[in-house]
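Each chain, written out:
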Amino acid sequence: MEQRPVCLSVGGSDSCAGAGIQADLRVFEALDVQGCSAITALTAQNPENILHIQASSITQFEAELQAISSYYNVACIKTGMLYDQTHIEALIPFIGDIPLIVDPVLIASSNTFLFDKETAKDAYEKLISLATLWTPNLQEASFFLRSDIVDAQEAARLLFDAFHTPVLLKGGHKEANTLHDVLCMDGILQTFSCQKQSLSISAAHGTGCRLASAIAAHIALGNALPLTIKLAHRWLQSDLQQANK
Ligand code: PXL
């Protein structure tokens, strides 16, 4: 039996491995937790384009969840691309009281929808209510609030008020020298800032997935919010610096 804490990544397979399940498993390994996966969809993509998406059957998806949860004591679940409402509904019974990090992946950087736009808000509502933390970027926040984001702090507060779950609003797609991610937890705001690095399209692909999976790994290692966010930020920054060398 595995001795390290176990993290389960629930999401899509990314053929170029920068995002999705492949990225999450690499992060888990780097942070010394055991990674497992349950795959919602296969994507055929490179950092610039998604060529094709094939959903996993619910039978296969549930069997993966069953295989992992019946054998391992999962310490944290991280979700990424969930594909549609049916996959979310299949996941919910497996969550129980396991800490859950929800990265509400809706749109790829290539602007392809990775989730059914019509049902996304309703489908995510229950899942977010079960989460320890959810981590929308500005585009996803704007989708959930049904309005443009003018002020990140105000938006983080509105997202917390709407879903009553701690939220980390990632400012990663904003043009500036400094990145600000805003945490709203129990109505209290905290900003995490770091230098913006100039990254190639390929290096930038999947940074959101990696931040959320690093947070999940630190939760599995026994740390609590908001420290997990600080540790995950620090790790991601040094990983991006290494990749940029
Ligand atoms: O970065 C979000 C993301 C997550 N999961 C999969 C993806 C993407 C973005 O392209 O393809 C499978």
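A brief report on the enclosed structure follows. Along each chain, numbering runs from 1 in the same order as the chain's sequence is written. Reporting of local features is limited, given that this is a predicted model, to residues whose pLDDT is at least 70; pairs of side-chain atoms are given and counted only at 80 or more, and all residues count toward the totals for whole chains, interfaces and linings. The basis for the side-chain values is all heavy atoms of the structure; hydrogens and waters are excluded.

**A few points about the overall build of the chain**
Helix and strand definitions follow DSSP, with helices as H or I runs of at least four residues and strands as E runs of at least two, each counted in order from the N terminus. Helix and strand counts for the chain stand at nine helices and nine strands. Relative to the 2.2 N^0.38 estimate, which gives 18 Å for 245 residues, the radius of gyration of the chain is 16 Å and therefore close to what a compact globule would have. With respect to the three principal axes, the spread of C-alpha positions in the chain is 45 × 40 × 40 Å. Going through the 245 residues of the chain one by one, you find that 50% of them count as buried. The accessible surface values rely on the Shrake-Rupley method and a 1.4 Å probe; as for residues, cover is taken only from the protein chains in view. Of the roughly 11200 Å² that the chain leaves accessible, carbon and sulfur atoms contribute 50%. All tallies of charge rest on Lys and Arg as positive and Asp and Glu as negative; His and the ends of each chain are not included. Taken as the charge location is NZ of Lys, CZ of Arg, CG of Asp or CD of Glu. One finds the centroid of the 15 positive side-chain charges in the chain at a distance of 7 Å from the centroid of its 25 negative side-chain charges. We compute the radius of gyration over the C-alpha atoms and compare it with the globule rule, which gives 2.2 Å times the number of residues raised to the power 0.38. Exposure is judged per residue with a 1.4 Å probe applied to protein chains only, and the accessible area is read against the type maximum: over 50% gives exposed, under 20% gives buried, and values in between give partly exposed.

**Quick notes on the pairing of strand 1 (residues 6-14)**
Burial analysis of strand 1 places nine of its nine residues in the buried class, the great majority of the element. Whether a crossover is right-handed comes down to one check: with the strands pointing away from the viewer, does the path from the first strand over the helix to the second run clockwise; if it does, it is right-handed. Where the polypeptide runs from strand 1 across helix 1 (residues 20-30) and back to strand 2 (residues 34-45), its parallel neighbour, the crossover connection is right-handed. Criterion used throughout: strands pair if DSSP finds at least two bridges between them. Relative to strand 4 (residues 74-79), strand 1 is paired through five bridges, and the arrangement is parallel. Within strand 4, the residue paired with Leu8 across the bridge is Ile77.

**Considerations on the pattern of salt bridges**
For this analysis, a salt bridge means a side-chain nitrogen from Lys or Arg found within 4 Å of a carboxyl oxygen belonging to Asp or Glu. Applying the stated criterion to the full structure yields five salt bridges. Residues Glu29 and Arg4 are paired through a salt bridge, measuring 3.3 Å at the closest nitrogen-oxygen approach. Remark: Arg4 occurs in the segment before strand 1 and Glu29 occurs in helix 1; sequence separation between them is 25 residues. Note on Glu29: relative accessible area 46%, which makes it partly exposed. Residues Asp32 and Arg4 are paired through a salt bridge, measuring 3.1 Å at the closest nitrogen-oxygen approach.

**Considerations on the nonpolar core**
In terms of nonpolar packing, the biggest core is built from 44 residues, with Leu8, Val10, Tyr124, Leu127 and Phe144 touching the most fellow members. No other element matches the six residues that helix 6 (residues 152-163) contributes to this core. Here, the term nonpolar core denotes a set of buried Ala, Val, Leu, Ile, Met, Phe, Trp, Tyr and Cys residues that are joined through side-chain atoms within 4.5 Å. If you look at the next biggest cluster of nonpolar residues, it comprises 25 residues, including Phe28, Cys76, Leu211 and Leu236.

**Overview of unusual backbone geometry**
Across residues other than glycine, the phi torsion is negative in most instances, and most of the peptide bonds are trans. Following Leu225, the chain continues into Pro226 via a peptide bond in cis, with omega recorded as 0 degrees. Counting through the fold element by element, Pro226 comes out in the loop between helix 8 (207-220) and helix 9 (227-244). For Tyr83, which is not glycine, the phi dihedral falls at a positive 75 degrees. When its relative accessible area of 28% is taken as the criterion, Tyr83 is described as partly exposed. We note that Asn111 has phi near 75 degrees; this positive angle belongs to a residue other than glycine. Looking at where Asn111 falls in the secondary structure, it is placed in the loop between strand 5 (100-102) and helix 4 (120-129).

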